[in-house]
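What follows is each chain in one-letter form.
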Amino acid sequence: MLIDSHIHLDSSVYSQDLDMLILHAEDAGINRLLTPGTSIDSSKNCIKIANDHKNVYAAVGVHPHDADSAQDDYLDSLNDLLSEEVVVAIGEIGLDFNKNYSEVESQLSIFNAQIKLAKDKNLPMIIHNRDSDEEMENCLKAGDYFNGVIHCYTGSVEFAETLLSMGFYLGFTGIATFGKKELESVIRMVPDDRLLVETDGPYMTPVPYRGKRNIPAYVELIAKRIAELRETSYETVAQITTENCLRLFEGMNDKSD
Ligand SMILES: [Zn+2]
């Protein structure tokens, strides 16, 4: 068993063959998937997909790229969506000072508000961080809530240590297969009980499919590469990442297989 802890199943690139992709993943042993929203509409779509597929769970949140376009009542909307049983986390939330698709001020205000929401509801967070380490650390400390995963981790060894010491999990995507030396060092140093795997599909497709559409079944390629880097077996990586995912996202234990 292996879990894809982060995949955007509501992406339009999956709309034609979503059912088949989920079945295909199940055949390959990927029998749980977590799909995070990036806006209120996207969160609603993720909930619908999770309600339609017994192995899919959802998270709800407003992504930093969507911060500028969030409505004034987005927190009320998120609150309403939390009553859905398939929702197991707040995400995808965070900061992105690389693309800067939204103003820094609105990114910060929406991220801080969603940290508070997660804390109030005692839900784990799925966090996006790109070129914003310093503000990320400040926001997390100010929010005084350290429950969640820094997904698609691509940062330094030093910042990984900071996040791990706060209590966060780190999620790794197909970038683990790209031969990036610093990332490989991070993957080797993460403790067994903090490691998660994810496709982040449709983005970040692992080698040998780099450049093509990323699908849930490819999470196995990521886990295999992580096993090589950590000098352990694929089975061990599959087991520890599954245990970690079910510990962090408690709601993923609920639906039956
Ligand atoms: Zn994502």
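Up top is the structure these notes are about.
Being a predicted model, the structure only gives us computed values, none of them experimental. Residue numbers here run from 1 along each chain, matching the order of that chain's written sequence. Two thresholds apply to this predicted model, a pLDDT of at least 70 for residue-level local features and 80 or more for giving and counting side-chain atom pairs, whereas whole-chain, interface and lining totals are computed over all residues. As a rule here, side-chain values cover all heavy atoms of the structure and leave hydrogens and water aside.

Asker: So what exactly am I meant to see when it comes to a negative patch on the surface here?
Answerer: By definition, no residue in a patch forms a salt bridge, and every one has over 30% relative accessible area; like charges are joined within 9 Å, nonpolar side chains (Val, Leu, Ile, Met, Phe, Trp, Tyr) within 5 Å. Here the open area of atoms and residues is found with the Shrake-Rupley method and a 1.4 Å probe, where only the protein chains shown may cover a residue. A carboxyl oxygen of Asp or Glu within 4 Å of a side-chain nitrogen of Lys or Arg is what we treat as a salt bridge. His is not counted, nor are the chain ends; Lys and Arg add positive charge and Asp and Glu add negative charge. Where a charge sits is defined by one atom per residue type, namely NZ (Lys), CZ (Arg), CG (Asp) or CD (Glu). Judged by side-chain charge, D68, E103, E105, D131, D133, E134 and E135 come together as a negatively charged surface patch. Looking at the negative patch element by element, the count peaks at three residues for helix α5 (residues 133-143). Examined against the element boundaries, E105 turns out to sit in helix α4 (residues 104-121). Put simply, DSSP marks the helices as runs of H or I at least four residues long and the strands as runs of E at least two long, and each gets a number from the N terminus on.

Asker: Please explain the packing of aromatic side chains as it appears in this structure.
Answerer: Remark: the centre distance and the inter-plane angle together describe each pair of aromatic rings, the angle taken between the planes. Two rings from Phe, Tyr or Trp (for Trp, the six-membered ring) form a pair when their centres are within 6.5 Å of each other. A pair whose planes differ by under 30 degrees is stacked, one over 60 is edge-to-face, and the rest are tilted. Counted under the stated rule, the structure contains three aromatic pairs. Note on F146 and F168: the rings are 6.3 Å apart at their centroids and 80° apart in plane angle, and the pair reads as edge-to-face. Here F146 is found in the loop between α5 and β6 (148-150), whereas its partner F168 is found in the loop between α6 (157-166) and β7 (169-172), with 22 residues between them in sequence. Relative accessible area serves as the criterion here: at 0%, F168 is assigned to the buried category. Type-normalised accessible area, obtained with a 1.4 Å probe on protein chains alone, sets the label of each residue: buried when under 20%, exposed when over 50%, and partly exposed for intermediate values.

Asker: I would appreciate a short explanation of the sheet that holds strand β2 (residues 30-36) in the present structure.
Answerer: Sheet strands line up and pair through hydrogen bonds in the backbone, either parallel or antiparallel. Whether two strands pair depends on DSSP finding at least two bridges between them. Across the sheet, which stays open at both edges, the eight strands sit in the order β1-β2-β3-β4-β5-β6-β7-β8 with parallel pairing between neighbours. Edge positions in the sheet fall to β1 (2-4) and β8 (195-197), since each has one partner strand and no second. For this sheet the average axis-to-axis angle between neighbouring strands, irrespective of direction, equals 30°. Relative to β6, strand β5 (residues 125-130) is paired through three bridges, and the arrangement is parallel. Each bridged residue has a counterpart across the sheet, and for I126 the counterpart in β6 is V149. Here, two residues are considered to be in contact whenever any of their heavy atoms come within 4.5 Å of each other. Here an angle of 0 to 180 degrees is reported between the N-to-C directions of two axes, which are lines fitted to C-alpha atoms, with helices fitted over the stretch in contact. Where helix α2 (residues 40-52) meets the sheet, its contacts fall on β2, β3 (56-60) and β4 (87-96), and the angle it forms with β3 comes to roughly 160°.

Asker: What should I look at first to understand the coordination of the zinc ion in this one?
Answerer: Around a metal, the ideal angle is 109.5 degrees if four donors adopt a tetrahedral arrangement and 90 or 180 degrees if six donors adopt an octahedral arrangement. H6 (NE2), H8 (NE2), E92 (OE) and D200 (OD) make up the full set of protein donors to the zinc ion, lying at 2.1 to 2.6 Å. Ligating atoms shown are N, O and S within 2.8 Å of the metal, or 3.2 Å for Na, K and Ca, and water is not included, meaning a site may look less than complete. Between 85 and 135 degrees for all angles marks four donors as tetrahedral; over 155 degrees for opposite donors together with 65 to 115 for all other angles marks four donors as square planar and six as octahedral; every other arrangement is irregular. Here the zinc ion binds four donor atoms, and the angle range of 84 to 171° at the metal identifies the geometry as irregular. Within one chain, the residues serving as donors to the zinc ion are arranged as H-x1-H-x83-E-x107-D. Taken together, the positions of H6 in the loop between β1 and α1 (18-27) and E92 in strand β4 put the pair 86 residues apart, joining distant regions of the chain. Considered together, H6 and E92 belong to a single accessibility category, that of buried residues.

Asker: Is there a simple way to think about the packing of helix α3 (residues 74-81) against α4 in this case?
Answerer: When two helices pack together, their arrangement is given by the angle between the helix axes and the distance between those axes. At a minimum axis distance of 11 Å, the contact between α3 and α4 shows a crossing angle of 30°. When the axis of α3 is compared with that of α4, the two are roughly parallel. Between α3 and α4 lies a crossing of right-handed hand. In this structure, α3 uses Y74, L75, L78 and N79 to contact α4, whose residues at the interface are S109, I110, A113, Q114, L117 and K121. Its residues assigned to classes, the contact of α3 with α4 shows six nonpolar, three polar and one charged. Note on angle classes: values under 35 degrees are labelled roughly parallel, values over 145 roughly antiparallel, values of 65 to 115 roughly perpendicular, and the remainder oblique. For any helix crossing, the convention is left-handed if the near helix is rotated counterclockwise from the far helix by under a right angle, and right-handed if that rotation is clockwise. Polar here means any residue outside two lists: the nonpolar Ala, Val, Leu, Ile, Met, Phe, Trp, Tyr, Cys and Pro, and the charged Asp, Glu, Lys and Arg; Gly therefore counts as polar.

Asker: Help me out: how do you make sense of the nonpolar core in this one?
Answerer: Soluble globular proteins tend to pack their nonpolar side chains together in the buried interior. Buried residues of nine kinds, namely Ala, Val, Leu, Ile, Met, Phe, Trp, Tyr and Cys, make up a nonpolar core once their side-chain atoms join them within 4.5 Å. Counting residues in each nonpolar core, the largest one holds 74 residues, and the members touching the most others are L140, L170 and F172. Ignoring sequence-local partners within four residues, the contact set of L140 consists of F111, I115, M125, I127, Y145, F146, L163, M166 and F168. Formed by 15 residues, the second largest nonpolar core is a distinct cluster that contains A59, V149, L196 and M252.

Asker: So what exactly am I meant to see when it comes to the pairing of β4 here?
Answerer: In regular strands, side chains alternate between the two faces of the sheet. Most of β4 sits inside the fold, with ten of its ten residues counted as buried. Note that β3 and β4 share three bridges and pair parallel. In the strand pairing of β4, A59 is matched with A89. Pairing of β4 with β5, which is carried by six bridges, proceeds in the parallel orientation. Of the residues in β5, the one forming a bridge with L95 is N129. Handedness of a crossover is defined as follows: with both strands directed away from the viewer, a clockwise route from the first strand across the helix to the second makes it right-handed. Regarding topology, α4 serves as the crossover connection from β4 to the parallel β5, and that connection is right-handed.

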